Amino acid sequence: TIKIDPQANEFSFSIFDMPTMVGMVSEYLNVEELDRDGTIINLSFKDNVPQRAADFLNVLHAVYLESELKGKKEEATSTLDFIESQLKSTNSQLDVSEQNLQDYKQRTGTIDISEQGKDLLSQISATSVEKTKNDIKYKFQKINFYLFA
């Protein structure tokens, strides 16, 4: 709180701890839900200086938006990290499966695969990799939409 006495050419101010400030602000802040889900609210702040009330609400809004964006970015980063780890795991499993198949073929004597069979196996593998890439791209697009919608 700042107090100015123009007659005496003096001013003073008070510093309050956070709980006291929250209590003081909550006395003048009114929050009203405009829908049942609570996704839209109406904020009003009573102050004898209208511009100060507007400034307070604008700063409150900016801080809220910044907090929400930070939360969404953290969630998106976490999701992307998970997707990347799943992709690495899937690629590792695919490598192991391919090696197991090769080992099996050598043990059982079924090493000779016709050229057409090799092409088909290669196409299946490429399709699987492409599907995984497309799944990741789709999830990334969903994350971007969620962040910037």
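Residues numbered from 1 in each chain as written. Predicted model: local features only at pLDDT ≥ 70, side-chain atom pairs only at ≥ 80, totals over all residues. Heavy atoms only, no water.

Visitor: Would you mind showing me how to read the overall build of the chain here?
Guide: In terms of helices and strands, the chain carries 3 helices and 4 strands. Going from N to C terminus, the chain has its helices and strands arranged as β-β-α-β-β-α-α. In terms of C-alpha radius of gyration, the chain reaches 31 Å, well past the compact-globule figure of 15 Å for 149 residues. Across its three principal axes, the chain shows a C-alpha extent of roughly 105 × 30 × 25 Å. (Helix = DSSP H or I, 4+ residues; strand = E, 2+ residues; numbered from the N terminus. Rg over C-alpha atoms; globule rule 2.2 N^0.38 Å.)

Visitor: Can you help me understand the environment of Leu80 in this one?
Guide: Within the secondary structure, Leu80 sits in helix H2 (residues 50-108). For Leu80, a relative accessible area of 24% puts it in the partly exposed group. Along the sequence, Leu80 and Leu120 sit 40 residues apart, while their C-alpha atoms lie 32 Å from each other. Apart from the residues within four sequence positions on either side, Leu80 is in contact with Phe140 and Ile143. (Buried < 20%, exposed > 50% of the residue type's maximum accessible area, 1.4 Å probe, protein only. Contact = heavy atoms within 4.5 Å.)

Visitor: When you look at the packing of aromatic side chains in this model, what are you seeing that I'm missing?
Guide: Each pair of aromatic rings is reported with the distance of its centres and the angle of its planes. Tallied over the entire structure, the rule returns 2 aromatic pairs. On the numbers, 4.3 Å between centres and 25° between planes, the contact of Phe45 with Phe56 is stacked. With Phe45 in strand S4 (residues 41-45) and Phe56 in helix H2, this pair connects stretches of sequence that are 11 residues apart. By relative accessible area, which is 16% here, Phe45 ends up buried. The exposure class of Phe56 is partly exposed, given its relative accessible area of 25%. (Phe/Tyr/Trp six-rings, centres within 6.5 Å; stacked < 30°, edge-to-face > 60°.)

Visitor: Explanation requested: the pattern of salt bridges in the structure shown.
Guide: Where charged atoms of side chains with opposite charge meet at close range, the side chains can pair. Summed over all chains, the structure comprises 2 salt bridges. When the shortest N-O distance is used, the salt bridge between Arg52 and Asp47 registers 2.7 Å. For Arg52, a relative accessible area of 46% gives the class partly exposed. As a salt-bridge pair, Lys131 and Asp135 come within 3.0 Å of each other at their nearest N and O atoms. With a gap of 4 residues between them, Lys131 and Asp135 both fall in helix H3 (residues 115-148), about one helical turn apart. (Salt bridge = Lys/Arg side-chain N within 4 Å of Asp/Glu carboxyl O.)

Visitor: Mind showing me how you'd approach H2 here?
Guide: Here H2 spans 86 Å end to end across 59 residues, near enough to the 87 Å set by a 1.5 Å rise per residue. What H2 keeps buried is the set Ala53, Leu57, Ala76, Ile83 and Lys105. Residue Gly109 follows H2 closely and has a positive phi angle near 80°. (Expected span 1.5 Å × (residues − 1).)

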